[in-house]
2 protein chains.
Amino acid sequence: MTTDFSLEGVHFRREWHSPEVVGHRCLTRGLSDIAAMGGQPMACFLSLALPADLPQKWVDGFYRGLLRLAHHHGVSLAGGDTAQSPSGVLADIMVMGSVPRGKAVLRSGARVGDRIYVTGLVGSGGATVRRMYAGEKIRPESVPHYFAPQPRLKAGQRLRALASSMIDISDGLSTDLSHLCEESGVGAVLQSSTIPIADNATLDDALYGGDDYELLFTSSKRIPKELAGVAVTEIGEIVKRSGMWLSDEKGNRKTLSARGWEHFGRQ
Amino acid sequence: MTTDFSLEGVHFRREWHSPEVVGHRCLTRGLSDIAAMGGQPMACFLSLALPADLPQKWVDGFYRGLLRLAHHHGVSLAGGDTAQSPSGVLADIMVMGSVPRGKAVLRSGARVGDRIYVTGLVGSGGATVRRMYAGEKIRPESVPHYFAPQPRLKAGQRLRALASSMIDISDGLSTDLSHLCEESGVGAVLQSSTIPIADNATLDDALYGGDDYELLFTSSKRIPKELAGVAVTEIGEIVKRSGMWLSDEKGNRKTLSARGWEHFGRQ
């Protein structure tokens, strides 16, 4: 079971995100958590509180975006709650997933010497939010990775047999890596030059931006360069000493801080 | 699976409800829905968004109230999400329950001729809210039925073998009876003189007030006067013609409207 809020003014803004995008991303948040355990999603439940003056058209678009993604992954919307919101659109999505007994991939399994991997490209979330804050109008079609992220369910399921630990990087690569290290009682060194950075994004976007729905995992096994159609890149190694470091091509290390996803403040 | 919002300014007010009461009532909302299907609660999940300036003491009190009730019913808090709230305390509780296959009591099983029953006393929710709106200070200990409602789980489980349909009356007796009638494709006649009205409450509080966590059910079987320590009262009959009526002792009928629970508006 996963639960994830999508709150207006915190996780999205109506002036930046269409209702379809908000609905799609709302469910992606839950599905990505299921993917990060190697799970198969079964059903979802939505609690939705709406301001009294919200146009019905907005609500229809939200459900359209959410249900299209649900249908794509064979997940049924099996229930939920509705209420009037005192302020803004408030959504809470629960996803129920299943995994063969004992096969769920946890955050706590990383071992010293394991290599660290990430799926897809990183940083489009951070870069896109940065551009929107700067006042840029962005066509959603130009950044599908951000506006219509695809939860890595098939890759996650393939990784049941391969990964020693796994997490998604929706809170930012540095923050989610720190969660994984803490729960495993280990440290990590990332090779900055190997991080697969998305178009228009910077290394900082990739490390600190957040809102990317890719999988970060560790393994001692041989990992294919592609899993279920998604590129997989080795980006570092698990070490004994607790902490996180970023290493450049010359081998110079600096400390990597867990700076995460900064929610959209109300302006 | 049940999901229920508890939103500040909609379902509670911090000036009227202590954090312990908000936490207790938050979980009661979910447990009562499980009770109304004859289910056994297994685990709960809490999504909680908090304003940045909320005192930690409030949060501690909320969890204390919620966890005390969870412990009492053997339910574990198994996960959830936290976020910063743009406005007020926002809680969403999910409860997972189980019931033997095929034994869940649904809203759709009421049949013509079934008698209508309610557990406990009705109207304390409506009466208490009315008194708080009028500016009265109420000691929570004086109305435990409202401030610390007990979900009717044991009674609900006993009713698996007895009830043809069931619902809780958290949205108000008239509103929830209308849901039951609609889903069963039937109508209902209530005997106004038989409705077990709580102390200090009026018939209107009982019919339209809401926020009572009692069970409303139908049956063609003999029903004991008490189930699992809770009084059970026959209050009417299911009829073929769709609609709802209120009958007085002389047999005069008037139409009963589904007027429900009016959420706390922000003043």
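Residues numbered from 1 in each chain as written. Chains lettered and ligands numbered in written order. Predicted model: local features only at pLDDT ≥ 70, side-chain atom pairs only at ≥ 80, totals over all residues. Heavy atoms only, no water.

1. A closer look at the packing of aromatic side chains
All names here are of chain A. Across all of its chains, the model carries 12 aromatic pairs over all chains by this definition. A ring pair is formed by Phe12 and Trp58, whose centres lie 6.4 Å apart and whose planes are at 25°; its orientation type is stacked. One end of the pair, Phe12, is in the loop between β1 (2–7) and α1 (19–35); the other, Trp58, is in helix α2 (residues 56–72), with 46 residues separating them in the sequence. For Phe12, a relative accessible area of 3% corresponds to the buried category. The buried category is assigned to Trp58, whose relative accessible area is 10%. For the ring pair Phe62 and Tyr63, a centre distance of 5.8 Å and an interplane angle of 90° mean the geometry is edge-to-face. In this structure Phe62 comes out as buried when scored by relative accessible area, which is 0%. Among the aromatic side chains, those forming a connected cluster through ring pairs are Phe12, Trp58, Phe62 and Tyr63. One Lys or Arg, Arg13, reaches over the ring of Trp16 and ends 4.4 Å from the middle of that ring. (Phe/Tyr/Trp six-rings, centres within 6.5 Å; stacked < 30°, edge-to-face > 60°. Helix = DSSP H or I, 4+ residues; strand = E, 2+ residues; numbered from the N terminus. Buried < 20%, exposed > 50% of the residue type's maximum accessible area, 1.4 Å probe, protein only. Lys NZ or Arg CZ within 6 Å of the ring centre and 35° of its normal.)

2. Description of the side chain of Asp114 of chain A
All names here are of chain A. Its location among the elements puts Asp114 in the loop between β4 (90–98) and β5 (115–119). Although buried, Asp114 forms no salt bridge, and the nearest oppositely charged side chain, Arg111, lies 6.6 Å from it. Within the structure, the side chain of Asp114 is placed 2.6 Å from the side chain of Ser164, a separation counted as a polar contact. (Lys, Arg positive; Asp, Glu negative; His and termini not counted. Salt bridge = Lys/Arg side-chain N within 4 Å of Asp/Glu carboxyl O. Polar contact = N/O pair within 3.5 Å; in protein donor to acceptor, adjacent residues only side chain to side chain.)

3. Looking at the pattern of salt bridges
Residues and elements named next belong to chain A. Inspection of the entire model under this criterion finds 22 salt bridges over all chains. Put simply, Arg29 and Asp4 hold a salt bridge, and the shortest N to O gap is 3.9 Å. One end of the pair, Arg29, is in helix α1; the other, Asp4, is in strand β1, and 25 residues separate them in sequence. We classify Asp4 as buried; its relative accessible area is 8%. The partner of Arg107 in a salt bridge is Glu183, and the shortest N-O contact between them spans 3.9 Å. One end of the pair, Arg107, is in the loop between β4 and β5; the other, Glu183, is in helix α6 (residues 173–184), and 76 residues separate them in sequence. A relative accessible area of 34% places Arg107 in the partly exposed class. For Glu183, a relative accessible area of 47% gives the class partly exposed.

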